[in-house]
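Structural overview
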Amino acid sequence: MSEAAIAKKETLVEEAAAKFSAASSVVIVDYRGLTVEEVTNLRKQLRDANVEMKVIKNSILSRAAKKAGLEGLDEVFTGPTAVAFSNEDVVAPAKIIDEFAKDAKALEIKGGVIEGKVSSIEEITALAKLPSRDGLLSMLLSVLQAPVRNVAYAVKAVADKQEEVA
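Residues numbered from 1 in each chain as written. Predicted model: local features only at pLDDT ≥ 70, side-chain atom pairs only at ≥ 80, totals over all residues. Heavy atoms only, no water.

Considerations on the nonpolar core
- Core analysis: the largest hydrophobic core is formed by 25 residues, its most contacted members being Val27, Val29, Leu42, Leu46, Ile97 and Leu107.
- Those elements that provide at least two residues to this core are β1 (25-30), α2 (36-48), β2 (51-55), β3 (82-86), α4 (92-103), β4 (108-114) and α5 (121-129).
- With six residues, the top contributor of residues to this core is α4.
- Counting residues in hydrophobic clusters, the runner-up holds 19 residues, among them Ala16, Phe20, Ile56 and Ala65. (Core = buried A, V, L, I, M, F, W, Y, C linked by side-chain atoms within 4.5 Å. Buried < 20%, exposed > 50% of the residue type's maximum accessible area, 1.4 Å probe, protein only. Helix = DSSP H or I, 4+ residues; strand = E, 2+ residues; numbered from the N terminus.)

Overview of the sheet that holds strand β5 (residues 117-119)
- In spatial order, the strands read β2-β3-β1-β4-β5; together these five strands make up an open sheet with antiparallel pairing. Pairing within the sheet leaves two strands with one partner each, and these edge strands are β2 and β5. Strand-to-strand twist across the sheet, computed as the mean angle between neighbouring axes with direction ignored, equals 20°.
- Inspection of the sheet shows β4 paired to β5 by three bridges, in the antiparallel sense. Within β5, the position partnered with isoleucine 114 by the bridge is lysine 117.
- Where α4 meets the sheet, it contacts β1, β2, β3 and β4, and its direction lies at approximately 25° from that of β1. (Pairing = 2+ DSSP bridges. Axes fitted to C-alpha atoms, helices over the stretch in contact; angles between N-to-C directions. Contact = heavy atoms within 4.5 Å.)

Some words on the pattern of salt bridges
- Here the structure, examined in full by the defined rule, presents eleven salt bridges.
- As a salt-bridge pair, lysine 19 and glutamate 52 come within 2.8 Å of each other at their nearest N and O atoms. In this pair, lysine 19 is assigned in helix α1 (residues 3-22) and glutamate 52 in strand β2, connecting sequence segments 33 residues apart.
- Judged by its relative accessible area of 24%, lysine 19 is partly exposed.
- The partner of glutamate 99 in a salt bridge is lysine 102, and the shortest N-O contact between them spans 3.1 Å. In this pair, glutamate 99 and lysine 102 are both assigned in helix α4, three residues apart and thus about one turn of the helix distant. (Salt bridge = Lys/Arg side-chain N within 4 Å of Asp/Glu carboxyl O.)

Considerations on a nonpolar patch on the surface
- Together, Leu137, Leu140 and Leu144 make up a nonpolar patch on the protein surface, roughly 280 Å² of accessible area in all.
- By the element assignment, leucine 144 lies in helix α6 (residues 133-165). (Patch = residues over 30% accessible without salt bridge, like charges linked within 9 Å, V, L, I, M, F, W, Y side chains within 5 Å. Areas by Shrake-Rupley, 256 points an atom, 1.4 Å probe, with all protein chains shown as cover.)

Quick word on the domain arrangement of the protein chain
- Domain boundaries in the protein chain define domain 1 (3-130) and domain 2 (132-165).
- Once you take the C-alpha centre of each, domain 1 and domain 2 turn out to be 43 Å apart. (Domains from an automatic or database assignment.)

Quick notes on the pairing of β1
- A large share of β1 lies buried, amounting to six of its six residues.
- Here β1 shows no split at all, with Ser25, Val27 and Val29 on one side and Val26, Ile28 and Asp30 on the other all buried.
- Examined bridge by bridge, β1 and β3 share five bridges and lie antiparallel to one another. From the neighbouring strand, valine 27 faces β3, where its bridge partner is alanine 84.
- Note that β1 and β4 share six bridges and pair antiparallel. The residue of β4 that forms the bridge with aspartate 30 is glutamate 108.

Quick notes on the packing of α4 against α5
- Following both chains from N to C, one finds α4 and α5 inclined at 95°, their axes separated by 8 Å at the closest point. Viewed along their axes, α4 and α5 adopt a mutual orientation that is roughly perpendicular. Of the residues in α5, those touching α4 at Ala94, Lys95 and Asp98 are Ile124, Thr125, Leu127, Ala128 and Lys129.
- Considering only residue class, the contact of α4 with α5 consists of four nonpolar, one polar and three charged. (Parallel < 35°, antiparallel > 145°, perpendicular 65-115°, else oblique. Nonpolar A, V, L, I, M, F, W, Y, C, P; charged D, E, K, R; others polar.)

Below, the structure written as C-alpha cells:
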C-alpha cells in the first residue's frame, strides 16, 4: 500500500476519532435494504436536527473508536454501517432514527455512544423514548411555575372573598 493511501486512511481515522470524542451521542445503524429515497429522507431529518450522518468503512471506525477510548464497539462494526453524530442534543439522533425505523423496517440500530459511554441497542431505544431537550425544558418550566400559579390562585381567592364580604 502506498504511503499516500496510508496517510489518507490515517487522516480519516483522526477525523472519525475527533467526531467520536466531540459527540454528545452517536448512533450506529445498519442501513442495508433502504432505498436511496429513504436514506435521503433520513439524512434530511437528521440534518434538520443538527445531526451529521456518515457512512464510514468499518476498519476506519474501529480504529477511530479505539483512538477515542471507546472499547466494545468492534462487534457493531460489521456489514454496511452508517454513523449519526450529534454534538448538541443527546436525544435527537436516537429519537429520529428510532422513529424512522418504525416505517423503514430495513433500518436497524446496532449500538452507539451516549456521553462518552458505549451503549447497547436497548439503551439507545430507551433514550429515543425520552422527550426532546425542548420537551424536557417545558416540563421543567411547568413544574417551576406550578407553585407560583397556586399562590396566585390563593391570593385571587382571598381577594374575591374580601370583595364578597364588602
